[in-house]
Structures are given as C-alpha cells and as structure tokens.
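What follows is each chain in one-letter form.
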Amino acid sequence: MSDGTALPGPDGLLRCPWALSTEDYVSYHDEEWGRPVHGDDALFERLSLEAFQSGLSWITILRRRPGFRAAFADFKIAAVAGYTDEDRTRLLADAGIIRNRAKIDATLANARELAGWAPGELDELIWSHAPDATDRPAPRTTADVPAVTPESTALSKALKKHGLRFVGPTTAYALMQACGLVDDHLEACTARRA
C-alpha cells in the first residue's frame, strides 16, 4: 500500500503512484499528463474527455480515446458543431465511447458554442487561469494534490458564463492538471518539470 509518495516504476524511476497500476497509465503519465497543451481543438478534446470521465475511472476514458476520436471527428470543433440528430443517434449507439446522453449532448452543445468563438479564444481563456507556478510548491504526496482550487473554480465559472456545459470546478481542475496549467507530478517524480 502506498503512502502517497512517488514509487519506483518497472524501470526503477520514481513516478506518481497512480501511474503505476497499468502500462497505459505509465505511458500517459510520462508522455502527456501535466505537459502543456495548446490549440482550441486539442483543448476541446481534453475538456470533452474530462467531462466524459466524470464519475468514472480515467483509465476507462484513456482506453476508449481512439473510439472517442473516431466518433467525434478527432475533436475538430467545426466538424462536431455540424453534427446532426443522426450523428447524435449514432453516438448514443457507439460502444467505442461512453454512451451517456447528457455528456454527449454537452459535447455537441459545447462544440456549437465554441464554433462561434474567435480562433485561439478557448486557448486564451483556459490558459488565463493558470496559477503562478512560483506560488505552488511541488506536492510531496498525493494528499498534497487538491481536487479543486480557486483557479479551477474561476475557470469553471468563466466557461459556464460562456455557455459551456459539464465544466464544474473538479472537471476544470482535472483539465488544468492534464493540460499542464499546473504541474501536480510529485516532487520526487521523474516526470516533474524542473
């Protein structure tokens, strides 16, 4: 049982303990999680997947990500914004994704909303909520990693104010972690940015 500190992986390198339960997690942890993500379509994908993850394990979403990408046109905002009722019906029947009506509807509605934004506006809005890294000490254990912060609450409010759905403060913080707005790799973790 872990005490929440970094643990050695199969290669002997220290990693956040959550990353060691599956090979999929090791790869995601080392190559993606906490790395800066920019671009409206890329951020729309992450925002959508974090919403789909709500109430589920991230590994469920990670393993179905190829199916999500196929179902949602690689999360190209303009393409998803043009989805029809027939596309919605197709998504609700697609076993390659999470077939949650509310989450599918939110993804479609968010794409339609974002299609009216100026290029780069989503990127700018999300990254404007990144906290000052010098104000955040590196977490030593998983107990030091919050689920919600004032910045994620503010980001959630800003996204909701702009008409986006399924973007609560916890989802917003998971997005911030996944997209590198914060670096919540543990202090001793090999993937932590210097």
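Residues numbered from 1 in each chain as written. Predicted model: local features only at pLDDT ≥ 70, side-chain atom pairs only at ≥ 80, totals over all residues. Heavy atoms only, no water.

A. Quick peek at the overall build of the chain. Secondary structure summary: the chain contains nine helices and two strands in total. The order of helices and strands in the chain, counted from the N terminus, is β-β-α-α-α-α-α-α-α-α-α. Projecting the C-alpha coordinates of the chain onto the three principal axes gives extents of approximately 50 × 35 × 25 Å. For the chain, the proportion of its 194 residues judged to be buried stands at 46%. Sequence separation of at least 24 residues holds for 66% of the intrachain contacts in the chain that already meet a minimum separation of 6. Only carbon and sulfur atoms are counted for the fraction: they give 53% of the accessible area of the chain, which is about 9,400 Å². For the chain, the separation between the mean place of its 22 positive charges and that of its 28 negative charges on side chains is 5 Å. (Helix = DSSP H or I, 4+ residues; strand = E, 2+ residues; numbered from the N terminus. Buried < 20%, exposed > 50% of the residue type's maximum accessible area, 1.4 Å probe, protein only. Contact = heavy atoms within 4.5 Å. Areas by Shrake-Rupley, 256 points an atom, 1.4 Å probe, with all protein chains shown as cover. Lys, Arg positive; Asp, Glu negative; His and termini not counted. Charge placed at Lys NZ, Arg CZ, Asp CG, Glu CD.)

B. Representation of the packing of helix 2 (residues 40–53) against helix 6 (residues 101–114) in the model. The N-to-C vectors of helix 2 and helix 6 enclose an angle of 160°; their axes lie 10 Å apart at closest approach. On the basis of their axis angle, the class for helix 2 and helix 6 is roughly antiparallel. You can see that helix 2 and helix 6 cross each other, and the crossing is right-handed. Here F44, S48, A51, F52 and Q53 of helix 2 lie close against helix 6, whose contacting residues are K103, I104, T107, N110, A111 and L114. Along the lines of polarity and charge, the residues of the contact of helix 2 with helix 6 split into six nonpolar, four polar and one charged. (Axes fitted to C-alpha atoms, helices over the stretch in contact; angles between N-to-C directions. Parallel < 35°, antiparallel > 145°, perpendicular 65-115°, else oblique. Left-handed = near helix turned anticlockwise from the far one by under 90°. Nonpolar A, V, L, I, M, F, W, Y, C, P; charged D, E, K, R; others polar.)

C. Looking closely at the nonpolar core. Ranked by size, the top nonpolar core spans 45 residues in total, and within it F44, F68, F72, L91, L122 and L159 carry the most contacts. Mapped onto this core, the elements with two or more residues apiece are helix 1 (23–31), helix 2, helix 3 (58–71), helix 4 (77–81), helix 6, helix 7 (121–127), helix 8 (150–161) and helix 9 (169–178). For L122, the contacting residues outside a window of four places in its chain are D40, L43, F44, L114, W117 and L159. Listed in part, the five residues of the second largest apolar core include A6, C16, C189 and A191. (Core = buried A, V, L, I, M, F, W, Y, C linked by side-chain atoms within 4.5 Å.)

D. A look at the state of the cysteines. Summed over the entire model, instances satisfying the criterion amount to zero disulfides. Summary of cysteine pairing: C179 is not part of a disulfide, and the nearest cysteine sulfur, belonging to C16, is at 16 Å. Among the residues examined, C179 registers a relative accessible area of 0% and is labelled buried. With no disulfide of its own, C189 lies closest to C16 among cysteine sulfurs, the gap being 3.8 Å. (Disulfide = S-S within 2.5 Å.)

E. Expanded view of the pattern of salt bridges. Counted according to the given criterion, the structure contains 11 salt bridges. Because the salt bridges share partners, they merge into one network encompassing D11, R15 and D30. (Salt bridge = Lys/Arg side-chain N within 4 Å of Asp/Glu carboxyl O.)

F. Region of interest: the UniProt feature "binding site: Zn(2+)" (unreviewed entry) in the chain. Under the UniProt annotation, "binding site: Zn(2+)" (unreviewed entry) lies at C16, H29, H185 and C189. On the basis of their most widely separated C-alpha atoms, the annotated residues across 174 residues gather in one place, lying no more than 10.2 Å apart. Mapped onto the elements, C16 comes out in the loop between strand 2 (14–15) and helix 1. Under the relative-accessibility criterion, C16 is labelled buried at 1%. With respect to the helices and strands, the residue H185 is situated in the segment after helix 9. Residue H185 is classed as buried on the basis of its relative accessible area of 1%. If sequence neighbours within four positions are ignored, H185 has contacts with C16, H29, W33, G34, R35, P139, A191 and R192. There is a polar contact of 2.9 Å between the side chain of H185 and the backbone oxygen of W33. (UniProt positions renumbered as here; feature names shortened; annotations may be inferred. Polar contact = N/O pair within 3.5 Å; in protein donor to acceptor, adjacent residues only side chain to side chain.)

G. Structural view of unusual backbone geometry. In this structure, A73 takes a positive phi of about 50° despite not being glycine. For A73, a relative accessible area of 27% puts it in the partly exposed group.

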